[in-house]
Each structure stands twice: as C-alpha cells, then as structure tokens.
Amino acid sequence: SPQNHAKVAVLGASGGIGQPLSLLLKNSPLVSRLSLYDIAHTPGVAADLSHIETRATVEGFLGPEQLPECLKGCDVVVIPAGVPRKPGMTRDDLFNTNASIVATLTSACAKHCPEAMICIISNPVNSTIPITSEVFKKHGVYNPKRIFGVTTLDIVRANTFVAELKVDFSCFPQGLDPARVSVPVIGGHAGKTIIPLISQCTPKVDFPQDQLEKLTGRIQEAGTEVVQAKAGAGSATLSMAYAGARFVFSLVDAMNGKEGVVECAFVHSDVTESPYFSTPLLLGKNGIEKNLGIGKITPFEEKMVAGAMSELNASIKKGEEFAKNFK
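Cut-off values and rules
- Residues numbered from 1 in each chain as written.
- Predicted model: local features only at pLDDT ≥ 70, side-chain atom pairs only at ≥ 80, totals over all residues.
- Heavy atoms only, no water.
- UniProt positions renumbered as here; feature names shortened; annotations may be inferred.
- Helix = DSSP H or I, 4+ residues; strand = E, 2+ residues; numbered from the N terminus.
- Rg over C-alpha atoms; globule rule 2.2 N^0.38 Å.
- Buried < 20%, exposed > 50% of the residue type's maximum accessible area, 1.4 Å probe, protein only.
- Areas by Shrake-Rupley, 256 points an atom, 1.4 Å probe, with all protein chains shown as cover.
- Axes fitted to C-alpha atoms, helices over the stretch in contact; angles between N-to-C directions.
- Left-handed = near helix turned anticlockwise from the far one by under 90°.
- Contact = heavy atoms within 4.5 Å.
- Nonpolar A, V, L, I, M, F, W, Y, C, P; charged D, E, K, R; others polar.
- Phe/Tyr/Trp six-rings, centres within 6.5 Å; stacked < 30°, edge-to-face > 60°.
- Lys NZ or Arg CZ within 6 Å of the ring centre and 35° of its normal.
- Pairing = 2+ DSSP bridges.
- Right-handed = clockwise from strand over helix to strand, strands pointing away.
- Expected span 1.5 Å × (residues − 1).
- Bend = angle between axes of the 7 residues up to and from the residue.
- Salt bridge = Lys/Arg side-chain N within 4 Å of Asp/Glu carboxyl O.
- Domains from an automatic or database assignment.
- Polar contact = N/O pair within 3.5 Å; in protein donor to acceptor, adjacent residues only side chain to side chain.

- Going by the annotation in an unreviewed UniProt entry, the name recorded for the chain is Malate dehydrogenase, with Brachypteracias leptosomus given as the source organism.
- If you open the UniProt record of the chain and go to Sequence similarities (unreviewed entry), you find "Belongs to the LDH/MDH superfamily. MDH type 1 family."
- The record in UniProt for the chain states the following under Catalytic activity (unreviewed entry): "(S)-malate + NAD(+) = oxaloacetate + NADH + H(+)".

**Let's talk about the overall build of the chain**
Here comes step 1: When you go through the chain residue by residue, the secondary structure sums to 10 helices and 11 strands.
Here comes step 2: A compact globule built from 327 residues would reach a C-alpha radius of gyration of about 20 Å, and the chain, at 19 Å, matches this within 12%.
Here comes step 3: Projected onto the principal axes, the alpha-carbon positions of the chain cover approximately 55 × 45 × 40 Å.
Here comes step 4: Per-residue burial over the chain gives 53% buried out of 327 residues.
Here comes step 5: Of the roughly 14200 Å² that the chain leaves accessible, carbon and sulfur atoms contribute 55%.

**Describing the packing of helix H4 (residues 95–112) against helix H5 (residues 125–138)**
Here comes step 1: Following both chains from N to C, one finds H4 and H5 inclined at 35°, their axes separated by 9 Å at the closest point. Crossing of H4 against H5: the hand is right-handed. Residues Phe95, Ala99, Val102, Ala103, Thr106, Ser107, Cys109 and Ala110 of H4 form the contact with H5, whose own contacting residues are Ser127, Thr128, Ile131, Thr132, Val135 and Phe136.
Here comes step 2: Residues that form the contact of H4 with H5 fall into these classes: nine nonpolar, five polar and no charged.

**Comments concerning the side chain of Ser22**
Here comes step 1: Relative to the helices and strands, Ser22 resides in helix H1 (residues 18–26).
Here comes step 2: Residue Ser22 is classed as buried on the basis of its relative accessible area, which comes to 0%.
Here comes step 3: Excluding residues that lie within four positions of it along the chain, Ser22 makes contacts with Val10, Ala13, Leu34, Leu36 and Leu49.

**Let's talk about the packing of aromatic side chains**
Aromatic ring pairs are described here by two measures, namely the spacing of the ring centres and the angle between the planes.
Here comes step 1: Scanning the model with the defined rule gives four aromatic pairs in all.
Here comes step 2: The interplanar angle of 90° and the centroid separation of 5.7 Å between the aromatic rings of Phe95 and Phe322 together place this pair among those described as edge-to-face. One end of the pair, Phe95, is in helix H4; the other, Phe322, is in helix H10 (residues 299–325), and 227 residues separate them in sequence.
Here comes step 3: On the basis of relative accessible area, Phe95 is assigned to the buried category, the value being 5%.
Here comes step 4: One aromatic cluster is present, built from ring pairs that chain together Phe95, Phe322 and Phe326.
Here comes step 5: The ring of Tyr142 carries Lys137 above its face, with NZ or CZ at 5.1 Å from the centroid.
Here comes step 6: The ring of Phe95 carries Lys318 above its face, with NZ or CZ at 4.6 Å from the centroid.

**Some remarks on the pairing of strand S3 (residues 57–62)**
Here comes step 1: Here six bridges tie strand S2 (residues 31–38) to S3, and the two strands are oriented parallel to one another. In the strand pairing of S3, Arg33 is matched with Thr57.
Here comes step 2: For the segment spanning S2, helix H2 (residues 42–50) and S3, crossover handedness is right-handed.

**What to know about H10**
Here comes step 1: Here H10 spans 40 Å end to end across 27 residues, near enough to the 39 Å set by a 1.5 Å rise per residue.
Here comes step 2: Largest kink in H10: about 40°, centred on Met309.
Here comes step 3: Among all positions in H10, only Glu301, Met304, Val305, Ala308, Met309, Leu312, Ser315, Ile316, Gly319, Glu320 and Ala323 are buried.

**Notes on the pattern of salt bridges**
Here comes step 1: Summed over all chains, the structure comprises nine salt bridges.
Here comes step 2: Here Glu164 ties to Arg218 by a salt bridge, and the two come within 3.2 Å at their closest N and O atoms. With Glu164 in helix H6 (residues 152–166) and Arg218 in helix H7 (residues 209–220), this residue pair connects regions lying 54 residues apart in the sequence.
Here comes step 3: For Glu164, a relative accessible area of 44% corresponds to the partly exposed category.
Here comes step 4: We classify Arg218 as partly exposed; its relative accessible area is 31%.
Here comes step 5: Here Glu263 makes a salt bridge to Arg246, at a shortest N to O gap of 3.1 Å. Of the two residues, Glu263 sits in strand S9 (residues 262–268) while Arg246 sits in helix H9 (residues 238–255), which places them 17 residues apart along the sequence.

**Some words on the domain arrangement of the chain**
Here comes step 1: According to the domain assignment, the chain consists of domain 1 (6–150) and domain 2 (151–315).
Here comes step 2: The distance between the C-alpha centroids of domain 1 and domain 2 comes to 22 Å.
Here comes step 3: Opposite the 35 residues of domain 1 that make contact, domain 2 presents 45 residues.
Here comes step 4: Counting across the interface, domain 1 meets domain 2 through zero salt bridges.
Here comes step 5: Here domain 1 and domain 2 share 10 residue pairs in polar contact (both at pLDDT 80 or more) between them.
Here comes step 6: Those elements that place two or more of their residues in the side of domain 1 that touches domain 2 are H1, strand S4 (76–79), strand S5 (117–120), H5 and strand S6 (147–149).
Here comes step 7: It is H5 that provides the largest number of residues to the side of domain 1 that touches domain 2, a total of six residues.
Here comes step 8: Residues belonging to the side of domain 1 that touches domain 2 are distributed by class as follows: 22 nonpolar, seven polar and six charged.

Structure follows, in structure tokens:
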C-alpha cells in the first residue's frame, strides 16, 4: 500500500539529533527506505540500525561523493546537519558554519531530488529556510509548498510546560495529559520570535498574566535551558529528534492522503509583513495545502508578534544575502 513506501533521507545522520531521529524513523511503519548521510560514521550508524526488526531498509552514505546516490528517489529529506549550540551562544552564532552546510546540502537536493519535501532542522532556522528557498530558486526548482523549517520542538515544549502547570489544578483532578494538549506556536524559531498562542490551546487553559509571561519566557528560552544543563556537551538532541520525527510522520501521513493533518512550520508566507513565518498549516499530498494563518489572538500575543518582526526580518535577510553570494 502507498502509505508504507516513503523513502526518507537524513542528512547529518551521525550527529546528536541525526542518530535518535534515524532510530525513530526506522521504527515507523510509514518508512520503507532510510538513506543516511554524513561526513563521518554513517556506515556504522546504518549497520547498527539495519539490525532492527522493522521493514525499512537502511543504507549509509559517506562524504560528498556519495550524496547524490543517497538522495536519489527520496520523498522526504530531513536535515539536522550542523554544529550544536554551546553555553552562551545564540542560534544566530551558528550562522557562519551552518549556513554553508545547509546551502551545500540543499543544493544537492535541488539537483538530485527536486520534488522531495525538504525539512530543515539546522539552526538558525530563521535564516536556513530563506537560504534553502534561494538555493532552490537558483536551480529553477523552487516550490514554497515543499520547504519547511521544523519548529515542532517549540510546540512539543509548549504542550509539555502547559500540562505541567495544570497538573495540580482542581479542575483537572488527574492533571492534563501532555499528549492531549495542543498549543500552536507561531513566528520563528529563536528567542522572542517564538510566539506560543496559549489563548488557542486545546483544551482551553487560563493563567494569570504574571504566570503567562513566565510560561511564555520559558517556552522561548527552553533550548537555552537544555544547552546550560548539558554544560558544553551539546544542545537539545533527543527532544529535537522526537519533534523532527513527529513532523515527518505528519507530513508522510498527509502525502498518503490522510485528511486534516495540521502542523506548524516556518515557511514562505504572506500572513504577516515578514516573507517567512510559522503558522498552523494544513498538509496534503503536495506539501502545504493551506496556510491556516494566525487566527484570533489576545493583545498580549499581538504585542509579541509586533515585537518579533524586526529580529525575524533581519535573520531572513541575512539568510537571503548569504545564499545570493554562495557559490
């Protein structure tokens, strides 16, 4: 049946996100072939995963000369490649290294699997998505419906933190199950550009303003929480792998014709004055079927959207400029 024939490539498969992400993809009945690429260790990672008793076949590809073969015939390409944050770094500090990596890898995608869905995890996403778009334009194969900045971790964190805060409230005697909480997170994927719409949470939740501000701040800086806790040993890898896999599974479900699949992602957008913006998207066979927009938001949330614009636009411009000069 078509739903079990997704060919998925992971570029950066040996890294901190790449390995657990590949494990989750290998474990899914939706995936029939897993192509793993990196500049080191991929044969080992592929051999290891290939022993798992699920039906996806696994192949490892090593180094730039094997990248074209890795991408051939892929339906979905997920890119977690790049360097992680260290304490004291912002996502933007990763720009110089990761921008080149993303431009090189997406250039190969544009050549060898131009029709594939491209899911970018490499930070700073606010810049790496504009880079990807410009690279695809250069190759004459740009389709904005198929390029996604994976911001799912912001949603996963928002759901978790909201549920944690509601555990002790008498109106939810059993506490809220985080798996049943759904908070849309819009904007971008760094600091104040991360805008959780708690007012649109299902089930409906209410917080006093001071608690709401604290919760919002925690969601925005949750990545830094992990970077500091790992004390120089990396950034969010396991939760990011989970979030990346969740997004891929939703995308593949929608590509297979499942209806009503909605995920937020950072994409080319005309919802705001910013040319790229994350909002809930209805996914379909060809990627984005419909941008569902921002919906009704509170004055507090409106203020956050307005406050994110200059940083967001600066990051986007930085990515576009980089891509224009990239050879």
